[in-house]
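One letter stands for each residue in the lines below.
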There are 2 protein chains.
Amino acid sequence: MRLSERKISSIMRQRGYKLTPQRRAVIKIIMGSDNHLTPEAIYQSVRDGHQNIGLTTIYRTINILSDLGLICEVHTAGSGRSYLVRRPLEHHHHLVCSGCNRVVDFSNCDLADIERKLSEGTGFKIEEHLLEFVGICPDCQQTAGT
Amino acid sequence: MRLSERKISSIMRQRGYKLTPQRRAVIKIIMGSDNHLTPEAIYQSVRDGHQNIGLTTIYRTINILSDLGLICEVHTAGSGRSYLVRRPLEHHHHLVCSGCNRVVDFSNCDLADIERKLSEGTGFKIEEHLLEFVGICPDCQQTAGT
DNA sequence: CTATAAATGAAAACTCTTTTCTTTTGTAAC
DNA sequence: GTTACAAAAGAAAAGAGTTTTCATTTATAG
């Protein structure tokens, strides 16, 4: 099962959040993009869609979606944050195009071995890991090659 | 070979940077810590050592050290940046204690397989990766357990 | 339809970082 | 050692990015 606009709306309502046109617009933009988006980019997109919205509302909505685990943050982006709808609901990671910001998900992060070795070697009780790959997608390779 | 204060100083001088007491102090603090440190923490440490310094100078020094590849940024820290001297000069990653911020390095990140599979599956030309583990170190496990 | 708690938007505040500009200083050449 | 000067320091201001405040508007349950 993957998240749809409808599903996200439903989860938000369940948790007691009202579904305002502004929130719908933010969700729609995030759902409709393959790229990771900064708050500013979401802001511009919503306004390009001729909806009025304040940047404050973008931030507030992002924070809610993030708290509910419905969006993921991309860490290899520059300064500032950048978000993406959570597509696979299971544990996963991102492969990010440095050209166009497109993000591909992958779930088979085979870190169990490394994690076990590290844990044994250091005595650390490992709680989480951060793994991201950055590269250039086929489209951007072509563009750069010409 | 590992970086020493002397080595770092020598590299900086080679690159045309002057060795001021302030820079020495920042290098000494970073070198002397197993933990990742925020600019603010470095600032406090230097001042605790009874050296006068401005926060601006901390930022400028950090930026130089970072440009020269002499310090590493830790990404799993909270908001804001956090730095650590570069200990292994080869490609490596960090295991970070969420209790005391201690950082352990590891070099055998066996991601070549994952990287190859990803590259074949997606057509991306992979350029870099970000890998960090977060856990609790033995000392902090004991403290928490009592 | 109404009541109300929640959401919005604008402005202000806040945090983190960089820039500007004047004064000070490390370093190389004498 | 002195001297000369480009580079660095420090203070204050400016600049990003994000959150808070507060008065007004609105979604939704009854």
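Refer to the structure printed above.
Residues numbered from 1 in each chain as written. Chains lettered and ligands numbered in written order. Predicted model: local features only at pLDDT ≥ 70, side-chain atom pairs only at ≥ 80, totals over all residues. Heavy atoms only, no water.

Draft legend 1. Inspection of the protein's contact with DNA strand C at higher detail. Contacts to DNA strand C come from 23 residues, most closely from Thr20, Thr57 and Arg60 of chain A together with Tyr59 and Arg81 of chain B. Protein-proximal atoms of DNA strand C, defined as those within 4 Å of the protein, fall in sugar or phosphate at a share of 69%. Here a phosphate oxygen of DNA strand C sits 2.7 Å away from a polar atom, N or O, in the side chain of Thr20 of chain A. Within the side chain of Gln22 of chain A, one N or O atom sits 2.9 Å away from a sugar or linking oxygen of DNA strand C. (Near = heavy atom within 4 Å. Polar contact = N/O pair within 3.5 Å; in protein donor to acceptor, adjacent residues only side chain to side chain.)

Draft legend 2. Quick peek at the protein's contact with DNA strand D. In the neighbourhood of DNA strand D, 22 residues make up the surrounding shell, with Tyr59 of chain A together with Thr20, Gln22, Thr57 and Arg60 of chain B lying closest. Backbone atoms, meaning sugar and phosphate, make up 70% of the atoms of DNA strand D lying within 4 Å of the protein. Arg60 of chain A places a side-chain nitrogen or oxygen 3.4 Å from a base oxygen of DNA strand D. Between DNA strand D and Gln22 of chain B there is a distance of 2.8 Å, counted from a sugar or linking oxygen to a side-chain nitrogen or oxygen. Here the surface near DNA strand D gets four residues from one element, more than from any other, and that element is helix α4 (residues 55–67) of chain A. Residue composition of the surface near DNA strand D, by class: six nonpolar, nine polar and seven charged. (Helix = DSSP H or I, 4+ residues; strand = E, 2+ residues; numbered from the N terminus. Nonpolar A, V, L, I, M, F, W, Y, C, P; charged D, E, K, R; others polar.)

Draft legend 3. Summary view of the relation of the copies chain A and chain B. In screw terms, the move from chain A to chain B is a rotation of 180 degrees and a rise of 0.0 Å along the axis, fitting with an RMSD of 0.0 Å. In short, the pair behaves as if placed about a two-fold rotation axis. When C-alpha positions in chain A are compared against the rotation axis, the closest is assigned to Leu131 of chain A, at 2.3 Å. Counting the interface residues of chain A, we find that 100% of their copies in chain B are interface residues as well, pointing to one common contact surface. (Least-squares fit on C-alpha atoms with pLDDT ≥ 70 in both. Contact = heavy atoms within 4.5 Å.)

Draft legend 4. Region of the structure containing the sheet that holds strand β3 (residues 93–97) of chain A. The six strands are arranged β4(A)-β3(A)-β5(A)-β5(B)-β3(B)-β4(B) in an open sheet whose pairing can be described as mixed. Among the strands making up the open sheet, the edge pair consists of β4 (103–106) of chain A together with β4 (103–106) of chain B. Each strand of the sheet is rotated relative to its neighbour by a mean of 20 degrees, with strand direction disregarded. Relative to strand β5 (residues 125–136) of chain B, strand β3 (residues 93–97) of chain B runs parallel, the two being bridged by four bridges. Its bridge partner being in β5 of chain B, Val96 of chain B is matched across the sheet by Val134 of chain B. Of the strands in this sheet, β5 (125–136) of chain A together with β3, β4 and β5 of chain B touch helix α5 (residues 112–122) of chain A, which is tilted by about 135 degrees from β5 of chain A. With respect to the sheet, helix α5 (residues 112–122) of chain B is in contact with β3, β4 and β5 of chain A together with β5 of chain B, its orientation differing from that of β5 of chain B by roughly 135 degrees. (Pairing = 2+ DSSP bridges. Axes fitted to C-alpha atoms, helices over the stretch in contact; angles between N-to-C directions.)

Draft legend 5. Region of the structure containing the packing of aromatic side chains. All names here are of chain A. The tally for this structure, following the rule as stated, stands at two aromatic pairs over all chains. Each ring, one from Phe106 and one from Phe133, has its centre 5.7 Å from the other, and the planes form 55 degrees; the classification is tilted. With Phe106 in strand β4 and Phe133 in strand β5, the pair connects residues that are 27 residues apart, well separated along the chain. In terms of burial, Phe106 and Phe133 fall into one category: buried. (Phe/Tyr/Trp six-rings, centres within 6.5 Å; stacked < 30°, edge-to-face > 60°. Buried < 20%, exposed > 50% of the residue type's maximum accessible area, 1.4 Å probe, protein only.)

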